[in-house]
Amino acid sequence: METKSQGSAERKEPSPRRMTGAQALIEAIMHEGTDLIFGYPGGAIMPAYDALFFHSDKLKHVLVRHEQGAMHAAQGYARVSGKVGVCMVTSGPGATNTITGVADAMVDSTPIVVISGQVHSSLIGTSAFQEVNVIDITKPITKWNYQVTKAEEVPWALARAFCIARSGRPGPVVIDITKDAQFGMVDFVYKPIDSAGEQTTVPTPDKDMIEEAARLINLSRKPLALVGQGVVLAGAEKELLAFLEKSGIPAAWTIMGLSAIPTSHPLNMGMLGMHGNYGPNIKTNEADLIIGIGLRFDDRVTSDPKKYATRAQLIHMDIDPAEINKIIHADVPLAGDVKETLPLLTNKITSNNHDQWIDEFRAFSRIEYDRLISREVEPHRKEMTMGEVISKVSKAFDDDAIMVTDVGQNQMMAMRHFRFKQTRSVVTSGGLGTMGFGLPASIGAKFGRPDRPVCLFLGDGGFQMTIQELGTLYQEKLPIKIVLLNNNFLGMVRQWQELLFDQRYASTEILNPDFQTIARGYHLPSVLVTERENLDDSIQMMVSAEGPFLMEVAVEKEGNVFPMVMAGESIRDIRLE
């Protein structure tokens, strides 16, 4: 039994330790359980890097080749691990090079703490060398940002930063720390916090709304659940399946919600939106009830909101009240953490099945397969297609790898044809659509889940935006498998030019370098596949390689991604060709 004196001793706060602000910064990061930083050193953040040098056995630093790569790597790490990603850069261009990644993390609700160095506080506002007003620049694209000008602010600012980044609806936080704050002295005591005001508040589910939602579900004859990333962020995958299986409701997913439900699950009807599957889009406008679970109802899902779900009542479940009624009117608004609201709702609904309704989805799936998918995955054409490559690669990984994508046709085709058995298996840039995201994000993903295979799909355009991160891959010797789908075009833009601009391919045909030579320059084993008969053997060569590997495949130059909902049209007008 614990004695009173023993209990008092355990509760005694640690004695302050005298150290520099830079040392306090590194200590604070370690106190938050972080063991990995992605970054790039420079003058204004040099004291922090010096402090990091003495903790390299406990806190690994991954040297990227560009600060944007640090951000995307931190995003990939956070998305697969569920932890807060950390990025550390210098002032001026170092900080501004992270901005694209910060905006990407904000839109896709990814918890990141960005630490940027800043000039001496006495120089702020003087246009000093490498001075940039990082706070005003990042204010609209962060959950919170703060400029540390005194060493004693460091523990408080870091505790608040980590709390805000991970709590409520996750997102990025920027801490800008001046050079004199890093050199200054502080009596360091670290106190993690669990709440930091409205940025970390989670709404309490409204019991009356739960009752009304259950009533609508029990009465519905044609319900459809729409699954977004909120389910994954909340760790509510089991709760989601319990709800779906009790209610018998078919479900479709956004690209950010992909892998929340296993691909093979009988209630999984496929992808929503502009390039989503035929059935879920058509049936959305035939449903009598839509249950949105952790998604934003953005324009890629709804197209024209006035023509969206025209026959349905709508239940919207989201942790962020600002997203409810923002685009689509919710008859039943259910603000709260879906890990909490889903079980409350499941307890109130009656067991049911909707087999006849689900059969209607399957009929549309057969139409889509016969008219489209069979031509994408089966060798009906002389040139190889993205779909057949991706489908074969997924099978080679037993449908159980982490899939990372860049942005464009490679992304949409990967969403359609890669398959999943477990959650947190997709890393992609959703809301911002950032080309160049894929390669650095795959590096972060492999650090986040070293126990799982990571497969990266790239287009030739996006690859070249962050191709320098092959240097990071080489230095870290990460066994990432890269599939480069090379069509010598900026494919998605070209597709739009074909459909909307009478095939005027303005500035979209791209003269590419010899990627095999570049791979050799980075000591990366690779293979170029130009003939279909070599594809299977090349895939096996890639999968069985012990380290990183690049498989470049020459795919059809003017292939298109269908289905497709044209901008401004109803999702019911989705085209198969």
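In what follows, the structure referred to is the one given above.
Residue indices follow the written sequence of each chain, beginning from 1 at its first position. For a predicted model such as this one, the threshold for reporting local features is a pLDDT of at least 70, and the threshold for listing and counting side-chain atom pairs is 80 or more; totals across whole chains, interfaces and linings nevertheless cover every residue. Only hydrogens and water are set aside when side-chain values are computed; all heavy atoms of the structure are taken into account.

A. Here's a closer look at the nonpolar core. Formed by 87 residues in total, the largest nonpolar core has its most connected members in Phe243, Ile293, Ile315, Val393, Phe457 and Met551. Helix and strand definitions here come from DSSP, where helices need a minimum of 4 consecutive H or I residues and strands a minimum of 2 consecutive E residues; each element is numbered from the N-terminal end. Here this core takes 5 residues from helix α10 (residues 207-219), the largest share from any one element. Residues Cys87, Leu458, Phe463 and Leu470 belong to the second largest nonpolar core, which totals 46 residues. For our purposes a nonpolar core is just a set of buried Ala, Val, Leu, Ile, Met, Phe, Trp, Tyr and Cys residues, chained together by side-chain atoms within 4.5 Å. Relative accessibility thresholds used throughout: buried, under 20% of the residue-type maximum; exposed, over 50%; partly exposed, between the two (1.4 Å probe, protein chains only).

B. Representation of unusual backbone geometry. Along the chain, Phe562 connects to Pro563 via a cis peptide bond; the corresponding omega equals 0°. One can find Pro563 in the segment after β20 (549-554). Positioned with a positive phi, Gln503 is a non-glycine residue whose angle comes to about 60°. Among the secondary structure elements, Gln503 is positioned in the loop between α22 (491-500) and α23 (515-521).

C. Fine view of the layout of surface pockets. Of the grid points, spaced at 1 Å and generated over the protein atoms alone, those admitting a 1.4 Å probe that cannot get out make up cavities, while open sets with protein on both sides within 12 Å along at least five of seven lines make up pockets; any residue with an atom within 4 Å of a point is treated as lining. Grid points are joined across faces, edges and corners, and a volume is the space filled by probe spheres set on the points. By volume, the second largest pocket is sized at about 660 Å³. In terms of lining, the second largest pocket is formed by 28 residues, of which the most central are Thr263, Asn268, Gly270, Asn277 and Arg416. Within the residue set of the lining of the second largest pocket, elements represented by two or more residues are β11 (268-271), α16 (355-377) and α18 (409-417). With 7 residues, α16 is the single largest residue contributor to the lining of the second largest pocket.

D. Spatial organisation of the sheet that holds strand β6 (residues 144-148). We call two strands paired when DSSP finds no fewer than two bridges between them. If you trace the 6 strands from one edge of the open sheet to the other, you get β3-β2-β4-β5-β7-β6, paired in parallel fashion. In this open sheet, the two edge strands, each paired with only one partner strand, are β3 (60-63) and β6. The mean angle between the axes of side-by-side strands here comes to 20°, regardless of whether they run parallel or antiparallel. Note: β6 against strand β7 (residues 172-178), 5 bridges, orientation parallel. In the strand pairing of β7, Gln147 is matched with Asp176. The contact criterion used is simple: two residues touch if any of their non-hydrogen atoms lie within 4.5 Å. Axes, fitted as lines to C-alpha atoms, cover a helix only where it is in contact. Angles between the N-to-C directions of the axes lie from 0 to 180 degrees. With respect to the sheet, helix α3 (residues 46-53) is in contact with β2 (36-39), β3 and β4 (85-89), its orientation differing from that of β4 by roughly 125°. Here helix α8 (residues 154-166) sits on the sheet in contact with β4, β5 (112-118), β6 and β7, set at roughly 165° to β6.

E. Molecular detail of the sheet that holds strand β18 (residues 481-486). Overall, parallel pairing links the 6 strands, which are arranged β16-β15-β17-β18-β20-β19 in an open sheet. Bordering the open sheet on either side are β16 (426-427) and β19 (526-529), each of which pairs with just one other strand. Pairing geometry for strand β15 (residues 402-405) and β16, over 2 bridges, is parallel. For Val404, the partnering residue across the bridge sits in β16 and is Val427. Its contacts with the sheet place helix α19 (residues 438-448) against β15, β16, β17 (454-459) and β18, and it is angled at close to 175° to β17.

F. The arrangement of the environment of Glu245 in detail. Mapped onto the secondary structure, Glu245 falls in helix α12 (residues 237-247). Residue classification places Glu245 among the partly exposed positions, given a relative accessible area of 48%. For the pair formed by Glu245 and His31, sequence separation is 214 residues and the distance between their alpha carbons is 41 Å. Setting aside its immediate chain neighbours within four residues, Glu245 contacts His265 and Leu267.

G. Representation of the packing of helix α17 (residues 386-396) against α18. Contact geometry of α17 with α18 gives a least axis separation of 9 Å together with a crossing angle of 50°. Considering the angle they form, α17 stands oblique to α18. Like other packed secondary-structure pairs, α17 and α18 cross with a definite hand, here right-handed. Facing Met386, Gly387, Ile390, Ser391 and Ser394 of α17, the residues of α18 in contact are Gln409, Asn410, Met413, Ala414 and His417. Classifying every residue of the contact of α17 with α18 gives 4 nonpolar, 6 polar and no charged. For classification purposes, angles smaller than 35 degrees are called roughly parallel, those larger than 145 roughly antiparallel, those between 65 and 115 roughly perpendicular, and all remaining angles oblique. The handedness criterion is simple: a crossing whose near helix is rotated anticlockwise from the far helix by less than a right angle is left-handed, and one whose near helix is rotated clockwise is right-handed. Classes in brief: Ala, Val, Leu, Ile, Met, Phe, Trp, Tyr, Cys and Pro nonpolar; Asp, Glu, Lys and Arg charged; the others, Gly included, polar.

H. The arrangement of the packing of aromatic side chains in detail. In this analysis, rings of Phe, Tyr and Trp, with Trp reduced to its six-membered ring, are considered paired at centre separations within 6.5 Å, and the interplanar angle assigns stacked below 30 degrees, edge-to-face beyond 60, and tilted for intermediate values. If you walk through the whole model with that rule in mind, you get 14 aromatic pairs. Relative to Phe364, the ring of Tyr278 lies with its centre 5.3 Å away and its plane at 65°, an arrangement referred to as edge-to-face. Of this pair, Tyr278 sits in helix α13 (residues 278-284) while Phe364 sits in helix α16, placing them 86 residues apart in sequence. Judged by relative accessible area, Tyr278 falls into the buried class, the value being 13%. Relative accessible area serves as the criterion here: at 17%, Phe364 is assigned to the buried category. Relative to Phe420, the ring of Phe418 has its centre 5.5 Å away and its plane inclined at 50°; by these criteria the two rings are tilted. On the basis of relative accessibility, which here comes to 2%, the residue Phe418 falls in the buried class. Phe420 sits in the buried class, given a relative accessible area of 3%. For the cation-ring pair, Arg160 lies above Trp144, with the distance from its terminal atom to the ring centre recorded as 4.9 Å. Comment: the charge-over-ring label is applied if NZ (Lys) or CZ (Arg) is within 6 Å of the ring centre and within 35 degrees of the ring normal.

I. View of empty space enclosed by the protein. Under the definition given, this model contains 4 cavities of 30 Å³ or more. Surrounding the largest cavity, 16 residues form its lining, Arg79, Gln229, Val232, Met256 and Val426 being those nearest its centre. When residues of the lining of the largest cavity are assigned to their parent elements, the largest contribution, 3 residues, is made by helix α11 (residues 229-234).

J. Highlighting the packing of α17 against helix α24 (residues 535-544). Contact geometry of α17 with α24 gives a least axis separation of 10 Å together with a crossing angle of 45°. The pairing of α17 with α24 is recorded here as oblique in orientation. As for how α17 packs across α24, the hand of that crossing is right-handed. Two secondary-structure elements touch here, α17 through Glu388, Val389, Lys392, Val393 and Ala396 and α24 through Leu535, Asp536, Ile539, Gln540, Met542 and Val543. Of the residues belonging to the contact of α17 with α24, the class tally is 7 nonpolar, 1 polar and 3 charged.

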